[in-house]
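# Summary of the model geometry
So the chains spell out like this:
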Amino acid sequence: MTKYSKIISDKLKKLPPYLFAEIDRKKEEIKRKGLDLIDLSIGDPDIPTPKHIVEAICKASKNARNHRYPSYEGKIEFREAVAKRFREDFNVKLDPEKEIIALIGSKEGIHNIHLALLNRNDISIIPNPCYPVYKTAPILVGSRIYETPLLEENDFLPNLDKIPEKIYREAKIFWINYPNNPTASVATEEFYKHLIDLAMDYEFVVCSDEAYIYITFDGFKHPTILQIKNAKEVSIVFGSLSKTYNMTGWRIGYAVGNEDIIRALRDVKTNIDSGVANMIQDAAIVALTHDQKCVKEIVKRYQIRRDLFVKGLEEIGFEVKKPKATFYIWLKVKEDSISFTKKLLEHGVVVTPGIGFGKYGEGYIRISLTQSEENLKEALKRMKQLFK
Ligand SMILES: *Cc1c(COP(=O)(O)O)cnc(C)c1O
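Read on for an overview of the structure. Treat the numbers as computed from the prediction; the structure is a model and nothing was measured.

Strands sit in the order 2-8-7-6-5-3-4 across an open sheet of seven strands; the sheet is mixed. Each of the sheet's edge strands pairs with one partner strand only, and the pair in question is strand 2 (100–103) and strand 4 (144–149). In this sheet, neighbouring strand axes are inclined to one another by 20° on average, regardless of whether the strands run parallel or antiparallel. When strand 2 meets strand 8 (residues 253–257), the two strands line up antiparallel, connected through four bridges. Counted as the bridge partner of Ala102 is Tyr254 from strand 8. Each of strand 2, strand 7 (235–240) and strand 8 touches helix 4 (residues 76–90); the most contacted strand, strand 8, lies at about 65° to it.

Written out as structure tokens, the structure reads:
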């Protein structure tokens, strides 16, 4: 530390404290003792990107045109490839010129949309528990939030009738994220319809984070909000190649939907970044337009892991609802989530305490299935020792 340690902005100081410091310390301590840890806490696929996509970037890297600045909104071929997926997979028509923009991973857009839309007193309604960026972006841009709980009794959907009218009137953004991280829950078309009706009445923007839309099991297909009537009047969708094609490290995603909101997001981005590297876009075009068999294979692996882990948890005595989507299991535990996590850690298994995603995450832990079947079996064995 130097005397500059306190030079940081008030906004940065206002970010919520890092909850996992103690757990990280414990992790290090256990590693030093030489015990190997099985880490089920990371939302980052363990399997490499499919070969044909890696080959595409190798080829694209040799094209000198790809060595120059990309366009802000992304290559038209990339945007057309995104449009193709929405058309073929959801029967949604999008104008690649006006209704689609490339993002440096969807997280980038999820932050920047706040700069595009929110003034100081504007509210964004966010779920609790949630993906942390919905909460930190308003702090960094200096706007307000209203938190709506995701409760098991409501299938982890926000109860739209419980939000005060005053809040709806002051809201400019309503964040939703289905299939959901961390609860692994899914949305219904009825829920989307209800939310769109409210957005039409109160003129807020529905921001739908659909990062896990392709990670669904047992033949279940999750809808996109854009397939609902009037959705394009009031909403944008954030999508990503990260989870669908095991491309978290590549940094490419997209926003699609209402053209005025997409333009606003573009205007912010022209002042912050210079777009997604052209060679990455070329490989992403291959990912999106090639046969989607590789996605089926990726999803099949997660389904095998889900079945294996749910069965193992039930054998230990946990009550588990089989998730229909995502690579997470949101497990109800009988004590506070931090002590539960610490106990597991001492037995060599790392999970995420639910409270890390918000106070309504308390009483749960998030298990990520981004480990080999072998490692998952070993994790179950260790858990069995702890609970039997
Ligand atoms: C992983 C994830 C994202 C971000 O993905 P990018 O890699 O930035 O595209 C967005 N939302 C949720 C809920 C996620 O879990």
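Moving on, there is more to tell.
All of the buried residues in helix 13 (residues 337–346) are Ser337, Ile338, Phe340, Thr341, Leu344 and Leu345. The buried residues of helix 13 occupy one face: seen down the axis, they fall within an arc of 160°. Looking at the buried residues of helix 13, the elements they touch are helix 2 (21–32), strand 10 (349–350), strand 11 (352–353), strand 12 (364–368) and helix 14 (373–387).

Right, let's get into the pattern of salt bridges. Within this structure, the stated rule accounts for 32 salt bridges. Note that Glu315 is salt-bridged to Lys384, the shortest N-O span being 3.5 Å. Taken together, the residues Glu315 in helix 12 (residues 293–316) and Lys384 in helix 14 connect sequence positions 69 residues apart. According to the relative accessible area criterion, Lys384 is partly exposed, its value standing at 31%. Several salt bridges converge on common partners, so that one network encompasses Asp36, Glu378, Lys381 and Arg382.

Near the ligand there are 14 residues, and of these Asp209, Tyr212, Ser240, Ser242 and Lys243 occur at the shortest range. The contact in question runs from an oxygen atom of the ligand to an N or O atom on the backbone of Ser106, over 2.7 Å. Taking Tyr212, its side chain carries an N or O atom lying 2.7 Å from an oxygen atom of the ligand. Taking 390 Å² as the accessible area of the ligand by itself, protein coverage stands at 95%. If you tally residues by element for the shell around the ligand, the top one is helix 5 (residues 106–117), at three residues. Classifying every residue of the shell around the ligand gives four nonpolar, six polar and four charged.

To continue, consider the side chain of Thr244. Looking at the secondary structure, you find Thr244 in the loop between strand 7 and strand 8. Among the polar contacts listed, one links the side chain of Thr244 to the backbone oxygen of Ser240, at a separation of 3.5 Å. Not counting residues up to four positions away in its chain, the partners in contact with Thr244 are Ala211, Tyr214, Ile215, Val295 and Ile298.

About the cut-offs
Residues numbered from 1 in each chain as written. Predicted model: local features only at pLDDT ≥ 70, side-chain atom pairs only at ≥ 80, totals over all residues. Heavy atoms only, no water. Pairing = 2+ DSSP bridges. Helix = DSSP H or I, 4+ residues; strand = E, 2+ residues; numbered from the N terminus. Axes fitted to C-alpha atoms, helices over the stretch in contact; angles between N-to-C directions. Contact = heavy atoms within 4.5 Å. Buried < 20%, exposed > 50% of the residue type's maximum accessible area, 1.4 Å probe, protein only. Arc of directions from axis to C-beta. Salt bridge = Lys/Arg side-chain N within 4 Å of Asp/Glu carboxyl O. Near = heavy atom within 4 Å. Polar contact = N/O pair within 3.5 Å; in protein donor to acceptor, adjacent residues only side chain to side chain. Areas by Shrake-Rupley, 256 points an atom, 1.4 Å probe, with all protein chains shown as cover. Nonpolar A, V, L, I, M, F, W, Y, C, P; charged D, E, K, R; others polar.

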